[in-house]
Amino acid sequence: MSPQRRARALLGTAERVIDLAVPVDPARDHVRGPLNAPVTLVEYADFECPYCGQAEPVVRDLLADFGDLRYVWRHLPLTDVHPSAQLAAEAAEAAAEQGAFWQMHDRLLEHQGALQAPDLKRYADELGLDAERFHRSLRTHAGAGRVAEDRESADLSGVSGTPTFFINGLQHRGAYDIDALSAAVRTARARAGLTR
């Protein structure tokens, strides 16, 4: 490696490109869409964040519009401004233990103003989860480690707010409305086609 290239590798360039520090792992991550999709959209999000609530229908539209899009949810509860976000994330993980992450995910985003423990237990009952197992997971904070791993991966990727999106490993800058994200997905799809 040339000295100039080595210096650039060590010091970076003036334009900092933010990459997803922890790659998507289908065996670990919560994934919607085809596992072998050419485009992966990762969202760091908080169940109590109103902006994440606004982004949810956009993500659903993207998944409907792009059949070859893989979507990944990662937890980033901003507990300093959203006091119920951590427990909500742990409730989603408790539901995941019973194969119902996405059902709980959807329920939590539909009811962002009702994320206290009694609400979470009611959602588990409505989803037909094993109530005793769910309650035990919440009581012992069984999902806290998983949530902490997502938070650490967010920190490593330079994420500080929600929602933050990464498309094929690169942080999406700008608006997250349907037009902006659709354009970004189309661009990532074209790039993926060129590299195959």
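Relevant structure appears above.
Residues numbered from 1 in each chain as written. Predicted model: local features only at pLDDT ≥ 70, side-chain atom pairs only at ≥ 80, totals over all residues. Heavy atoms only, no water.

Further remarks concern the environment of Ala180. On the secondary structure map, Ala180 appears in helix α8 (residues 178–195). Apart from residues no more than four positions distant in its own chain, Ala180 is found in contact with His172 and Ala175. (Helix = DSSP H or I, 4+ residues; strand = E, 2+ residues; numbered from the N terminus. Contact = heavy atoms within 4.5 Å.)

Structurally, the position occupied by Asp150 is in helix α7 (residues 144–156). The class for Asp150 is buried, based on a relative accessible area of 1%. Excluding residues within four positions of it along the chain, Asp150 makes contact with Arg28, Tyr44, Arg74 and His75. (Buried < 20%, exposed > 50% of the residue type's maximum accessible area, 1.4 Å probe, protein only.)

Counting residues in hydrophobic clusters, the biggest one holds 39 residues, and the most contacted among them are Phe47, Trp73, Met104, Leu108 and Phe134. Ignoring anything within four residues of it in the chain, the contact list for Leu108 reads Phe47, Ala88, Ala92, Leu115, Leu120 and Tyr123. The next biggest cluster of nonpolar side chains, apart from the first, holds 11 residues, and it includes Val42, Leu76, Leu78 and Ala154. (Core = buried A, V, L, I, M, F, W, Y, C linked by side-chain atoms within 4.5 Å.)

To continue, consider the pattern of salt bridges. A complete count under the given rule lists 14 salt bridges for this structure. Close ionic contact of Arg28 with Asp29 constitutes a salt bridge, the shortest N to O distance being 3.3 Å. A relative accessible area of 25% places Arg28 in the partly exposed class. Since its relative accessible area comes to 6%, Asp29 is described here as buried. A salt bridge links Arg189 to Asp68; its shortest N-O distance comes to 2.8 Å. In this pair, Arg189 is assigned in helix α8 and Asp68 in the loop between α2 (50–65) and β3 (69–75), connecting sequence segments 121 residues apart. A residue is classified by how much of its surface remains accessible, and Asp68, at 24% relative accessible area, is partly exposed. One salt-bridge network, held together by shared partners, links Arg28, Asp29, Arg74, Glu93, Arg146, Glu149 and Asp150. (Salt bridge = Lys/Arg side-chain N within 4 Å of Asp/Glu carboxyl O.)

Among the seven residues that make up β3, seven are buried, leaving the element largely enclosed by the rest of the structure. Across three bridges, strand β1 (residues 30–32) lies against β3 in antiparallel orientation. Residue pairing across strands places Arg32 opposite Tyr71, the latter belonging to β3. The sheet contact formed by strand β2 (residues 39–45) and β3 spans seven bridges and is parallel. Bridging across to β3, Glu43 finds its partner in Trp73. Between the parallel pair β2 and β3, the chain is carried across by α2, and the sense of this crossover is right-handed. (Pairing = 2+ DSSP bridges. Right-handed = clockwise from strand over helix to strand, strands pointing away.)

Here we take up the packing of helix α3 (residues 85–96) against helix α4 (residues 101–110). For the pair α3 and α4, the least separation of the axes is 7 Å and the interaxial angle reads 150°. Comparing their axes, α4 and α3 come out roughly antiparallel. As α3 runs across α4, the sense of the crossing is right-handed. Mapping the contact onto sequence places Ala88, Ala91, Ala92, Glu93, Ala95 and Ala96 in α3 and Phe101, Met104 and Leu108 in α4. Considering only residue class, the contact of α3 with α4 consists of eight nonpolar, no polar and one charged. (Axes fitted to C-alpha atoms, helices over the stretch in contact; angles between N-to-C directions. Parallel < 35°, antiparallel > 145°, perpendicular 65-115°, else oblique. Left-handed = near helix turned anticlockwise from the far one by under 90°. Nonpolar A, V, L, I, M, F, W, Y, C, P; charged D, E, K, R; others polar.)

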